[in-house]
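# Report on the structure
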Amino acid sequence: MPVNPDLAKERSSASFSVDRLTHMLDGGRDRTIQRRKLERIIALDPTGVFDNSNNSYLHRTDRHVRALAKHVRLVELCRTLNIAQDAGGDVTQSQDFPLLLGAIADDLPTSLHWVMFVPNIISLCDEEQQKEWLPLCRDWKMIGCYAQTELGHGSNVRALETTATFQPSSAKGSLPEGSWIIHSPSLTSYKFWPGTLGRTANHAMVIARLIDGQGIDRGMHNFLVPLRSMTNHSLLPGVKTGDIGPKIGYNTMDNGFASFDNVVVPRRNMAMRFASVDRHGNYQKKTMSEAAQRISYITMMQVRAYICNEAGKNLAMACTIAVRYSAVRKQGFVDETNKVERQILDYTKQQHRLFPLLAASYCFFFTGKRLLARLFDIEKRLVTNQNVHRTEVKDIHASSSGLKSFTTTVTADGIEDCRKACGGHGFLMCSGLPELLTTYLQNPTVEGDNQMLPQQVVKVLLKLVHAVQRKNDLSEFETCDSMLLIPSLQIILQSQQETCGIKSMADMMDLESHIMSALRHRAARLLVQVAQQLEREQARGQSPQQAWNTSLVLMSRTSRAYSQLLLLHNFVDGIDQEEQVNAIGTAEVVVLRDLARLFALYWMERELGDFLEDSYMNSHQALLVHQAVLELLERIRPNAVALVDARDFSDFRLKSALGRFDGNVYPAIMEAAMRDPLNQNDIGPGYNEHLKRLIAGGTGAYVGTASRL
């Protein structure tokens with residue numbers, strides 16, 4: 001089909017090179033070529049197993065089984081194409097593996113194997129254990145999950161009930177070197193929610209309370225527990241697992257439950273990198289270098305960094321669908337002649353709904369990239385015995401916690417806003433938005449609930465407040481994100497008034513001197529306010545725990561403000577770095593910096609009270625914020641379609657009738673409607689069994705009533 005003329009016109013108005021921006025997003029022209037090649041391999045696979053066109057019409061059991069088939073075919077293709085050649089045969093460690101996962105455009109029920117299970121083995125198990133288990137993982141003989149959450153406990157890890165009790169070799173049923181009895185003592189101790197656990201995994205990394213040979217509770221430790229036979233997949237003695245049932249979305253994944261009835265596992269199935277128990281049941285914490293312990297910590301933080309990175313991609317998909325559809329869909333007329341209909345993308349309100357989300361999707365890209373790069377850099381320095389200060393590790397923990405909370409909240413809300421912005425057709429499954437949303441909705445909860453993570457952010461940042469207050473040497477913060485706060489903290493903690501220097505619209509558009517300063521001041525002020533509130537509440541007689549609880553709402557605001565500062569800083573810094581290496585030119589820099597401005601000013605507009613309540617800004621400056629947002633919408637409008645095109649999502653990946661590259665929306669909607677099984681026959685299902693009795697059989701006929709007189 002020819003491209004919709006409105007979309008063609010939109011593309012012709014772009015002021016920058018779409019290809020150049022695509023190459024930047026992919027990490028270079030060669031990576032774009034490789035991604036497109038892999039996407040074609042998946043889309044054109046002769047088995048047809050990767051076809052997603054009928055996903056909406058399948059029962060979840062069929063979706064799950066089909067997703068398993070996709071995984072097996074993916075592994076076959078990886079072996080055929082030598083995809084793992086750069087990673088010692090482990091396809092999940094290849095740089096092409098994420099590209100293939102994106103190309104499949106469906107969630108695989110095996111994903112917790114490489115997201116959580118294998119990283120746990122690498123981080124927490126000793127060399128001997130890794131040599132035994134990692135080859136089995138590489139060859140897909142051992143497929144695992146991470147079983148921490150229980151039916152009765154989630155974030156409060158210290159309250160988990162599952163036990164691992166040491167049993168000496170002399171005990172009945174024990175193993176020669178001693179063993180562990182893994183047991184679920186109550187209904188609330190059942191493992192509940194772990195992905196891949198229900199029907200797919202044959203092993204689980206179980207988090208359980210270790211009871212040593214002397215009966216001493218040593219707290220939570222990791223244990224590799226076989227669940228199913230590696231020969232026929234049958235459940236092993238004492239193990240009970242199953243799927244937890246239908247969810248809002250993400251239904252290809254078998255989130256599961258598991259109970260353990262005195263399950264015996266070998267003593268060496270305890271993860272023993274940092275602690276061990278000998279054959280006599282004696283517990284010992286190993287003397288490990290701080291570097292080794294921090295490497296483990298960094299590896300686990302990388303999961304949150306990947307979540308931040310994926311937030312940008314998912315939000316970009318939603319924006320692609322909504323922006324393209326808004327360029328094609330028309331409503332109202334451009335003038336009183338009532339002859340030319342207006343594109344809904346020309347309505348300022350539609351722009352105000354979509355363009356800040358588009359800006360955020362690019363913003364999250366730069367932050368995800370920077371966060372992952374920082375974590376890999378710290379890990380590399382630790383491995384090579386270079387100095388890494390504990391403060392730097394704690395700092396990136398705070399950053400990843402706050403950014404995970406903010407980016408996933410914005411993305412989840414943003415996908416739904418994009419769906420609503422598509423009107424009635426956004427309610428159709430064929431729009432692609434309902435499944436994108438319901439699949440994504442897990443992210444504000446997994447890897448730290450978004451309402452709880454701000455506490456971790458503030459806990460770290462308060463140490464900086466105290467260091468500045470005491471006028472300590474601040475050199476340890478030089479490589480930290482929190483260093484951004486120091487100038488404002490120094491002013492505020494000296495009881496001086498910091499005020500906004502914006503006087504004109506030109507000032508309002510100044511990213512470095514004024515916008516960044518405003519976000520920095522707001523974050524620093526709220527952080528100091530938390531410190532003061534904690535001190536004040538304890539002075540009134542509250543315990544530290546009570547004072548902390550009283551301050552939780554303010555902590556949430558603080559974390560949000562700090563995250564926005566980091567996001568803007570990473571956005572601006574990322575643009576500069578890409579320009580320096582000539583990945584992008586002046587035209588691309590101009591449009592990206594406008595997106596950075598819109599991202600920051602949009603959130604300032606939404607949360608103006610934070611800037612006004614301490615008189616940092618005045619009413620005139622607040623008015624300039626509103627005006628600047630409107631000006632930026634106008635600037636971005638000619639490039640909106642080109643900016644989503646630069647993401648280069650194929651129609652196969654988008655799975656959307658509304659977001660098609662060619663803009664032929666209405667034929668695609670009708671095609672999807674006719675594919676519904678309800679429309680396969682002229683006489684619909686249920687007529688002969690039910691409706692016929694009403695229409696032809698007279699069941700509903702009114703026959704009158706006899707007189708009661």
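Residues numbered from 1 in each chain as written. Predicted model: local features only at pLDDT ≥ 70, side-chain atom pairs only at ≥ 80, totals over all residues. Heavy atoms only, no water.

### Remarks on the overall build of the chain
- Within the chain, the regular secondary structure consists of 24 helices and 13 strands.
- Relative to the compact-globule value of 27 Å for 709 residues, the chain shows a C-alpha radius of gyration of 28 Å, a close match.
- Taken along its principal axes, the extent of the C-alpha atoms in the chain is 95 × 85 × 80 Å.
- Looking at the chain as a whole, 53% of its 709 residues are labelled buried. (Helix = DSSP H or I, 4+ residues; strand = E, 2+ residues; numbered from the N terminus. Rg over C-alpha atoms; globule rule 2.2 N^0.38 Å. Buried < 20%, exposed > 50% of the residue type's maximum accessible area, 1.4 Å probe, protein only.)

### Let's talk about the packing of helix α18 (residues 586–606) against helix α20 (residues 619–636)
- One way to put it is that α18 packs onto α20 with a least axis distance of 9 Å and a crossing angle of 145°. For the element pair α18 and α20, the recorded crossing hand is left-handed. Contacts between α18 and α20 pair Asp594, Leu595, Arg597, Leu598, Leu601, Tyr602, Met604 and Glu605 from the former with Val625, His626, Ala628, Val629, Leu632, Leu633, Arg635 and Ile636 from the latter. (Axes fitted to C-alpha atoms, helices over the stretch in contact; angles between N-to-C directions. Left-handed = near helix turned anticlockwise from the far one by under 90°. Contact = heavy atoms within 4.5 Å.)

### Considering the nonpolar core
- Core analysis: the biggest nonpolar cluster contains 137 residues, and Tyr362, Phe364, Leu485 and Leu592 have the highest contact counts within it.
- Phe364 has contacts with Cys308, Ala311, Gly312, Leu315, Phe406, Thr407, Val410, Thr411, Leu567 and Phe599, leaving out every residue within four places of it along the chain.
- Cys145, Ala204, Val225 and Leu227 belong to the second largest nonpolar core, which has 25 residues in total. (Core = buried A, V, L, I, M, F, W, Y, C linked by side-chain atoms within 4.5 Å.)

### Remarks on the side chain of His221
- By secondary structure assignment, the location of His221 is in strand β6 (residues 217–226).
- From its side chain, His221 meets the backbone oxygen of Gly219 in a polar contact 3.3 Å long.
- Every residue in contact with His221, bar those within four places of it in the chain, is listed here: Val206, Ile207, Ala208, Leu210, Met270, Ala275 and Tyr283. (Polar contact = N/O pair within 3.5 Å; in protein donor to acceptor, adjacent residues only side chain to side chain.)

### As for helix α9 (residues 348–383)
- Under the 1.5 Å per step criterion, the end-to-end length of α9 is 52 Å for 36 residues, consistent within 8% with the ideal 52 Å.
- Of all the bends found along α9, the most pronounced is centred on Leu354 and spans about 25°, while Pro356, a proline, follows it within four residues. (Expected span 1.5 Å × (residues − 1). Bend = angle between axes of the 7 residues up to and from the residue.)

### Things to note about unusual backbone geometry
- Of note, Glu447 is a non-glycine position whose phi angle comes to about 55°, a positive value.
- Here Glu447 is to be found in the loop between α11 (433–440) and α12 (453–469).
- Using a relative accessible area of 29% as the deciding quantity, one classes Glu447 as partly exposed.
- Positive phi is not limited to glycine here, since Lys655 has a value of about 55°.
- Along the polypeptide, Lys655 turns up in the loop between α22 (651–654) and α23 (665–674).
- By relative accessible area, Lys655 is classed as partly exposed at 27%.

### Considering the sheet that holds strand β7 (residues 239–243)
- Ordered by their spatial adjacency, three strands build an open sheet running β4-β8-β7, and the pairing between neighbours is antiparallel. Every interior strand has two partners, whereas the edge strands, β4 (191–192) and β7, have only one.
- In this sheet, strand β8 (residues 256–260) lies alongside β7 in antiparallel orientation, the contact comprising five bridges. Looking at the pairing, Thr241 lines up with Ala258 of β8. (Pairing = 2+ DSSP bridges.)

### A closer look at the pairing of strand β9 (residues 263–266)
- Of the two faces of β9, the one lined by Val263 and Val265 is fully buried and the one lined by Val264 and Pro266 carries no buried residue.
- Pairing geometry for strand β3 (residues 179–183) and β9, over four bridges, is antiparallel. Bridge pairing in β9 links Ile181 to Val264.

### Thoughts on the packing of α9 against helix α17 (residues 552–580)
- Here α9 crosses α17 at 80°, and the two axes come no closer than 8 Å. Classified by the angle their axes make, α9 and α17 are roughly perpendicular. Listed contacts from α17 to Ala359, Tyr362, Cys363, Phe364, Phe366, Thr367, Lys369 and Arg370 of α9 are Leu566, Leu567, His569, Asn570, Phe571, Asp573, Gly574, Ile575 and Glu578.
- A per-class count over the contact of α9 with α17 returns nine nonpolar, four polar and four charged. (Parallel < 35°, antiparallel > 145°, perpendicular 65-115°, else oblique. Nonpolar A, V, L, I, M, F, W, Y, C, P; charged D, E, K, R; others polar.)

### Some words on the environment of Ala311
- One can find Ala311 in helix α8 (residues 290–328).
- Relative accessible area serves as the criterion here: at 0%, Ala311 is assigned to the buried category.
- The sequence separation of Ala311 and Ala600 amounts to 289 residues, and the corresponding C-alpha distance is 18 Å.
- Those residues in contact with Ala311 that sit more than four places away from it in its chain are Phe364, Thr407, Thr411 and Tyr440.

### Examining the environment of Leu511
- In this fold, Leu511 is placed in helix α15 (residues 511–539).
- Distance from Leu511 to Arg597, taken between C-alpha atoms, is 6.5 Å for residues 86 residues apart in sequence.
- Each residue touching Leu511, except ones within four places of it in the same chain, is listed here: Met516, Leu568, Val572, Arg593, Ala596 and Arg597.

### Observations concerning α12
- Helix length check: α12, at 17 residues, gives a terminal C-alpha distance of 25 Å against a target of 24 Å (1.5 Å per residue), a fit within 8%.
- In terms of burial, α12 is largely enclosed, as 12 of its 17 residues are buried.

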